[in-house]
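Results of the structural survey
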Amino acid sequence: MVDTTGDIWRWHHNVSECYYHLQMTVKYRRNLFTEEIEQVILEVMEGFKERYEIEVHTVGFDKNHVHVLCRFLPKYSGGQVVRLMKSITVRQVFRRVPSVKRWLWGGEFWSDGYYIATVSGRGDKKVIEEYIKNQGRQEVVEQLRLFDL
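What this report covers is the structure whose coordinates are included nearby. (Residues numbered from 1 in each chain as written. Predicted model: local features only at pLDDT ≥ 70, side-chain atom pairs only at ≥ 80, totals over all residues. Heavy atoms only, no water.)

**A word on the overall build of the chain**
Broken down by element type, the chain carries four helices and seven strands. Helices and strands appear in the chain in the N-to-C order β-β-β-β-α-α-β-β-α-β-α. Every one of the 149 residues in the chain was classed for burial, and the buried ones make up 34%. Taking the intrachain contacts of the chain between residues at least 6 apart in sequence as the baseline, contacts between residues at least 24 apart amount to 69%. (Helix = DSSP H or I, 4+ residues; strand = E, 2+ residues; numbered from the N terminus. Buried < 20%, exposed > 50% of the residue type's maximum accessible area, 1.4 Å probe, protein only. Contact = heavy atoms within 4.5 Å.)

Laid out in structure tokens, this is it:
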């Protein structure tokens, strides 16, 4: 059973509500993002939820890197998702905008590295730290007894 329609995703015995901030950089930090290339990448990312259960929430382009806010099922690791995004987007960029290859040596569009951070739908790090610290009962509840001994 997979339910990825609401804020909380349910998948078999897992429940998740975790967003990821990804940052991927163009090889050699080349300023290659044009409107045409950005549009290709956005179109490709639109199909990720239907095919891979990866919801791309927000995408922001700079001249040589892209920031992505997304979420995905816990069956994937962050590295797997980044690798998938890079491979599928570059394949389409090279197919639809072949002139971009002349700016790159060796046929690689993305650099090897990336940045990833988790982002909670419930608050920032301080809120989560306080929530974890304050777990447990606030008052001691005495054990009920059947007989007074």
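The discussion continues.
**As for the pattern of salt bridges**
Counted under the stated rule, the structure contains four salt bridges. Between R71 and E55 there is a salt bridge, with its nearest N and O atoms 2.8 Å apart. A residue pair is termed long-range when its members are at least 10 positions apart, and R71 in strand β6 (residues 65-72) and E55 in strand β5 (residues 54-61) qualify at 16 residues. With a relative accessible area of 18%, E55 lands in the buried category. A single network of salt bridges, built from pairs that share partners, joins K49, E55 and R71. (Salt bridge = Lys/Arg side-chain N within 4 Å of Asp/Glu carboxyl O.)

**With respect to the nonpolar core**
The biggest cluster of nonpolar side chains holds 31 residues, and the ones touching the most others in it are M85 and F109. Residue assignment for this core shows that the elements contributing at least two residues are β4 (18-26), α1 (35-46), α2 (48-52), β6 and α3 (78-96). It is α3 that provides the largest number of residues to this core, a total of eight residues. The contact partners of M85, leaving out residues within four places of it in the chain, are L22, M24, M45, F48, I54, V56, V68 and C70. (Core = buried A, V, L, I, M, F, W, Y, C linked by side-chain atoms within 4.5 Å.)

**Topic: the packing of aromatic side chains**
Across all of its chains, the model carries eight aromatic pairs by this definition. Their ring planes at 75° and their centres at 6.1 Å tell us that F48 and Y52 sit as a pair that is edge-to-face. Of this pair, F48 and Y52 both sit in helix α2, separated by four residues, roughly a single helical turn. For F48, a relative accessible area of 2% corresponds to the buried category. Across the ring face of F94, the terminal group of K101 is positioned such that the distance to the ring centre comes to 5.2 Å. (Phe/Tyr/Trp six-rings, centres within 6.5 Å; stacked < 30°, edge-to-face > 60°. Lys NZ or Arg CZ within 6 Å of the ring centre and 35° of its normal.)

**Regarding the sheet that holds β4**
As summarised here, the arrangement of the four strands in space is β5-β6-β4-β7, forming an open sheet in which the pairing is antiparallel. With partners counted over all chains shown, the strands left at the sheet margins are β5 and β7 (110-120), one partner each. Sheet twist, expressed as the average angle between the axes of neighbouring strands with direction ignored, equals 20°. Each of β4, β5, β6 and β7 is contacted by α1, which is oriented at about 165° to β5, the strand it contacts most. Running over the sheet, α3 touches β4, β5, β6 and β7 and is turned about 130° from β7. (Pairing = 2+ DSSP bridges. Axes fitted to C-alpha atoms, helices over the stretch in contact; angles between N-to-C directions.)

**A few points about the packing of α1 against α3**
Close contact between α1 and α3 brings their axes to 9 Å; oriented N to C, the two are set at 130°. Between α1 and α3, the crossing angle belongs to the class labelled oblique. Considering only the axes of α1 and α3, their crossing is right-handed. In contact with E36, I37, V40, I41, E43, V44 and M45 of α1, α3 contributes M85, I88, T89, Q92, V93 and R96. (Parallel < 35°, antiparallel > 145°, perpendicular 65-115°, else oblique. Left-handed = near helix turned anticlockwise from the far one by under 90°.)

**Considerations on the environment of G107**
Along the chain, the position of G107 falls in the loop between α3 and β7. The exposure class of G107 is partly exposed, given its relative accessible area of 46%. Distance in space between the C-alpha atoms of G107 and K27 is 9.7 Å, their sequence separation being 80 residues.

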